[in-house]
Protein chains: 2
Amino acid sequence: MITSRDNETVKLCAKLVKSAAFRRERSQFTAEGVRICTDGVRSGYSPSLFIYTSSACEKYAEEFAFVAENSDRCIEVSNEIFGRISDTKSPQGFFCVFNMLDKQENPYRINKEGSFLACERVQDPSNLGTILRTAEALGFEGVILSDDCCDIYSPKVVRGSMGAVFRLPCCITEDLPAYISELSENGVETYASTPRNATDITSLDICGGVMLIGNEGSGLTDGAIEACRHKVMIPMRGRAESLNASAAAAMLMWEMVR
Amino acid sequence: MITSRDNETVKLCAKLVKSAAFRRERSQFTAEGVRICTDGVRSGYSPSLFIYTSSACEKYAEEFAFVAENSDRCIEVSNEIFGRISDTKSPQGFFCVFNMLDKQENPYRINKEGSFLACERVQDPSNLGTILRTAEALGFEGVILSDDCCDIYSPKVVRGSMGAVFRLPCCITEDLPAYISELSENGVETYASTPRNATDITSLDICGGVMLIGNEGSGLTDGAIEACRHKVMIPMRGRAESLNASAAAAMLMWEMVR
């Protein structure tokens, strides 16, 4: 039972929540909340550390037992200390540290029939979390991310993805245009979503391939667009100039699999 | 130029930002940021109050002149005071108070060919903002909201909607099931989105009508579902149990107009 704010484990957890650089350095990330922690364990990952409050252990007895028996180390903390590592408004008293997942998806493994999503410099963690959740729900086989997307291990992405982070194969690449070019050259259908000189997505008969979506403000880079075989867009009829990135991604992904 | 924290105008603005009850009481709401304030004015609404910082007036000279000349009253405040009314991390120094919009959409005005969205107890302001933005971008003609949805005039909804709040006709109703029943009886196609006993949305030939989406956690109430002529769903293939409300709404709305 830890009650001291100066405890090294507590400090480490708080830093893992806040800093992407520290997560990379330690190759660890955190998950908070009953559902997401049990989701992680159910997806086959064992927390290296499980931190809980006494009230959580009573209130969520079943989930508590399940997570605790699969964790390398379990520590009870006071509500006050939990508040220090918590990233949420109403903490449930469930917090896990996981080792980063071994996620690799190389171009040669991408089959021509499957549906994949590629994100270039998606910056908002809520958007990225929602996008991963949608990709999983629609049966996408994997996600490719440029290395300047926001950190997929950030607490907001992990939570917003509703556990998809644990399950969806994904690959982070330093050179997304080169990666996509290689896929295009190997016969994979690649689609850049861009409003410029693009085809109405409903006029194409899409069945699998890779859909590229870009940054919330500036969209895809020219390099990424040029690496794709097709340019597609969601036709807009209203007076709004744009769609929210995760709403646009939802429609584009849906068009690929509907 | 206001520099005092105790200024009554500043206090009033801060309360309008925070309290939905106070917004209703005053029949006013706020918008913050260069884009959203100019959007409101461009949509034909005159701010009753425009609050700005001196740096904003220099940095955004054109927008400043446009908003200022259309506002009933303009007040310069210090950066410190602006921080007190601001709801954002990086304030731009643009803040407007608008009178609530006269938004009415009665069932008899809903034409059978148009596309409308109805929201029942959508609770998250980011979701509602994104949903309104998507509805406008896809050319929906109006939105019907149950009165237990989150406040459409909350700063997060106004911002997330990218100004759609100003332009999209909408109606807030105390009894959504009764409202929808009336539409159904009058020959309008009404669609409840629900996973229970529903038809795959791709198997219907939808062309206009009203799409109902429900609460983030519990979905639509039985009463709302029964009021609809059709029950529809987005078929899910992955392991995720659900979709984010605004992502699901995007796909459902897109299916209605694609």
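Reference entry: report on the structure contained in this document.

Conventions adopted
- Residues numbered from 1 in each chain as written.
- Chains lettered and ligands numbered in written order.
- Predicted model: local features only at pLDDT ≥ 70, side-chain atom pairs only at ≥ 80, totals over all residues.
- Heavy atoms only, no water.
- Buried < 20%, exposed > 50% of the residue type's maximum accessible area, 1.4 Å probe, protein only.
- Helix = DSSP H or I, 4+ residues; strand = E, 2+ residues; numbered from the N terminus.
- Arc of directions from axis to C-beta.
- Contact = heavy atoms within 4.5 Å.
- Polar contact = N/O pair within 3.5 Å; in protein donor to acceptor, adjacent residues only side chain to side chain.
- Least-squares fit on C-alpha atoms with pLDDT ≥ 70 in both.
- Pairing = 2+ DSSP bridges.
- Axes fitted to C-alpha atoms, helices over the stretch in contact; angles between N-to-C directions.
- Patch = residues over 30% accessible without salt bridge, like charges linked within 9 Å, V, L, I, M, F, W, Y side chains within 5 Å.
- Areas by Shrake-Rupley, 256 points an atom, 1.4 Å probe, with all protein chains shown as cover.
- Salt bridge = Lys/Arg side-chain N within 4 Å of Asp/Glu carboxyl O.
- Lys, Arg positive; Asp, Glu negative; His and termini not counted.
- Charge placed at Lys NZ, Arg CZ, Asp CG, Glu CD.
- Disulfide = S-S within 2.5 Å.

Looking at helix α10 (residues 176-185) of chain A
All names here are of chain A.
1) Next: Along α10, the residues classified as buried are Leu176, Tyr179, Ile180, Leu183 and Ser184. Down the axis, α10 shows its buried residues gathered within 135° of arc, on one side only.
2) Next: As for α10, its buried residues are in contact with β5 (115-119), β6 (142-146), β7 (170-173), β8 (190-193) and β10 (209-213).
3) Next: Residue Asp175 occupies the N-cap position of α10, its side-chain oxygen lying 3.1 Å from the main-chain nitrogen of Ala178.
4) Next: Of the residues one or two after α10, Gly187 is the one with positive phi, at around 90°.

Brief notes about the relation of the copies chain A and chain B
1) Next: With an RMSD of 0.0 Å, the fit of chain A onto chain B corresponds to turning through 180° and sliding 0.0 Å along the axis. Such values leave the two copies arranged in the relation of a two-fold axis.

Remarks on the sheet that holds β8 of chain A
All names here are of chain A.
1) Next: Strand order across the open sheet formed by 7 strands is β7-β6-β5-β10-β8-β11-β9, with parallel pairing between neighbours. Taken across any chain shown, the strands that pair with only one partner, and hence form the sheet edges, are β7 and β9 (199-200).
2) Next: Relative to strand β11 (residues 230-233), β8 is paired through 3 bridges, and the arrangement is parallel. Its bridge partner lying in β11, Tyr191 is registered against His230.

A short note on the sheet that holds strand β3 (residues 74-76) of chain B
Residue and element names in this part refer to chain B.
1) Next: Judged by pairing direction, the sheet is mixed, and its 4 strands sit side by side in the order β1-β4-β2-β3 without closing on themselves. Unpaired on one side and paired on the other, β1 (28-32) and β3 mark the two borders of the sheet. Between one strand and the next, the sheet's axes are offset by a mean angle of 20°, whatever the strand orientation.
2) Next: Strand direction decides the pairing type here: strand β2 (residues 49-52) and strand β4 (residues 94-99), joined by 4 bridges, are antiparallel.

Describing a positive patch on the surface
1) Next: On the surface, Lys89 and Lys156 of chain A together with Lys89 and Lys156 of chain B cluster together to form a positively charged patch.
2) Next: By secondary structure assignment, the location of Lys156 of chain A is in helix α8 (residues 155-160).
3) Next: Residue Lys156 of chain A is classed as partly exposed on the basis of its relative accessible area of 41%.

As for the interface of chain A and chain B
1) Next: On the chain B side, the residues contacting the 29 residues of chain A number 29 residues.
2) Next: Put simply, chain A and chain B have 2 salt bridges between them.
3) Next: Residues Arg258 of chain A and Glu255 of chain B are paired through a salt bridge, measuring 2.4 Å at the closest nitrogen-oxygen approach.
4) Next: Taken together, chain A and chain B are joined by 6 residue pairs in polar contact (both at pLDDT 80 or more).
5) Next: Of all the elements in the fold, those that place two or more residues in the side of chain A that touches chain B are α7 (125-137) and α12 (245-257) of chain A.
6) Next: Looking at the side of chain A that touches chain B, the element that brings in the most residues is α12 of chain A, giving 6 residues.

A short note on the state of the cysteines
1) Next: For the coordinates displayed, the defined rule picks out 0 disulfides over all chains.
2) Next: Counting only cysteine sulfurs, Cys96 of chain A is the nearest neighbor of Cys74 of chain A, a cysteine outside any disulfide, at a range of 8.4 Å.
3) Next: Summary of cysteine pairing: Cys150 of chain B is not part of a disulfide, and the nearest cysteine sulfur, belonging to Cys149 of chain B, is at 6.7 Å.
4) Next: Its relative accessible area of 15% is what places Cys150 of chain B among the buried residues.

Digging into the pairing of β5 of chain A
Residue and element names in this part refer to chain A.
1) Next: By the criterion of burial, β5 is predominantly enclosed, with 5 of the 5 residues buried.
2) Next: Side chains Ser115, Leu117 and Cys119 of β5 all project onto a buried face; the interleaved residues Phe116 and Ala118 project onto the opposite face, where all are buried too.
3) Next: With 5 bridges connecting them, β5 and β10 associate as parallel partners. Its bridge partner lying in β10, Cys119 is registered against Ile213.
4) Next: By the bridge criterion, 4 bridges tie β5 to β6 in an arrangement that is parallel. Directly across from Phe116, in β6, lies its bridge partner Gly142.

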